[in-house]
Amino acid sequence: MNKYEKFTKLEHKSYSDVTRFLKQTTHLTAREWIIARLCADFKNLSNRSEMTWIGQNLPDLVPFVDEPYTRQEVSNAHAAFKHKVQRSGTTFFYAYYAGLISKEEMILIIHKIVTDLQKLIETENGEVSDEHVTDVQMLVAEALHRINESLDLD
């Protein structure tokens, strides 16, 4: 197996250090973050995550993890990640949808989010293409546009 390079910047960090780092910008734990990343990166020919393999090889793939996980532990962490993503999205859009923050405040928040995203991606030794950045911005803008339309109908 080739060395997995996503978490090399965290080689001298503890699991707790990584969770504290993540809590500065996300609601994720180290466990949820690494499992989501590994499930995205290690899929079989059917495009399904190799959860058993990921769990067995976790200490070799992630420098701050000492013990392998069972398939069930990997599955639970991945489900927790997806659940938190949905809840965070609901929180993000609700604040604007319900009129709790202004359009100008939302724009400032989005700029801060982008800065935090760049920090996370750099921590994973990753890069994001300009095309992907544009696609994500367009999705958010489209969602906000739909919210504005629904508010105008009321």
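Here the residue numbers are simple positions, counted from 1 along each chain's written sequence. Restriction of local features to residues with pLDDT of at least 70 applies here, the model being predicted, together with a cutoff of 80 or more for giving and counting side-chain atom pairs; totals for whole chains, interfaces and linings are based on all residues. As a rule here, side-chain values come from all non-hydrogen atoms in the structure, and water together with hydrogens is ignored.

Student: Quick one: what's the story with a nonpolar patch on the surface, residue by residue and with numbers?
Tutor: Residues forming no salt bridge and having over 30% relative accessible area are the ones grouped into patches, like charges within 9 Å of each other and nonpolar side chains (Val, Leu, Ile, Met, Phe, Trp, Tyr) within 5 Å. Areas reported as accessible are Shrake-Rupley estimates using a 1.4 Å probe. Residue values count occlusion only from the protein chains shown. Just to be clear on terms, a salt bridge is a Lys or Arg side-chain nitrogen sitting within 4 Å of an Asp or Glu carboxyl oxygen. Judged by side-chain polarity, Ile 109, Ile 113, Val 114 and Leu 117 come together as a nonpolar surface patch covering roughly 270 Å² of accessible area. Following the sequence through the fold, Val 114 ends up in helix 5 (residues 103-123). A run of H or I in DSSP counts as a helix once it spans at least four residues, and a run of E counts as a strand once it spans at least two, with each numbered from the N terminus.

Student: A description of helix 1 (residues 15-23) should follow, citing residues and the corresponding values.
Tutor: Burial classes follow relative accessibility: with a 1.4 Å probe on protein chains only, a residue under 20% of its type's maximum area counts as buried, one over 50% as exposed, and anything between as partly exposed. For helix 1, every residue scored as buried is listed here: Val 18, Thr 19, Phe 21 and Leu 22. In a view along the axis of helix 1, the buried residues occupy a sector of 160°, so they form one face of it. Any two residues having at least one pair of non-hydrogen atoms within 4.5 Å are treated as being in contact. Where helix 1 is buried, its residues touch helix 2 (30-41) and helix 5. This arc is taken over the directions from the axis of the helix to the C-beta atoms.

Student: Explain the packing of aromatic side chains residue by residue, including any values.
Tutor: Working definition: rings of Phe, Tyr and Trp (its six-membered ring) pair if their centres are within 6.5 Å, and the pair is stacked with planes under 30 degrees apart, edge-to-face with planes over 60 apart, and tilted otherwise. If you walk through the whole model with that rule in mind, you get seven aromatic pairs. Between Tyr 4 and Phe 42, the aromatic rings sit 5.2 Å apart at their centres with planes inclined by 45°, giving tilted as the arrangement. Within this pair, whereas Tyr 4 is found in the segment before helix 1, its partner Phe 42 is found in the loop between helix 2 and helix 3 (51-61), the two being separated by 38 residues in sequence. Members of the aromatic cluster, each reached through a chain of ring pairs, are Tyr 4, Phe 7, Tyr 15, Trp 33, Phe 42, Trp 53 and Phe 64. Only when the NZ atom of a Lys or the CZ atom of an Arg is both within 6 Å of the ring centre and within 35 degrees of the ring normal do we say a charge sits over the ring. Its end group placed over the ring of Tyr 69, Arg 31 keeps NZ or CZ at 4.7 Å from the ring centre.

Student: Now, about the pattern of salt bridges: what can you tell me, with residues and values included?
Tutor: Inspection of the entire model under this criterion finds six salt bridges. Between Lys 84 and Glu 32 there is a salt bridge whose closest N-O contact spans 2.9 Å. Remark: Glu 32 occurs in helix 2 and Lys 84 occurs in helix 4 (residues 71-97); sequence separation between them is 52 residues. Both residues of the pair, Lys 84 and Glu 32, count as buried. Ionic pairing is found between Asp 41 and Arg 37, a salt bridge with its closest N-O pair at 3.0 Å.

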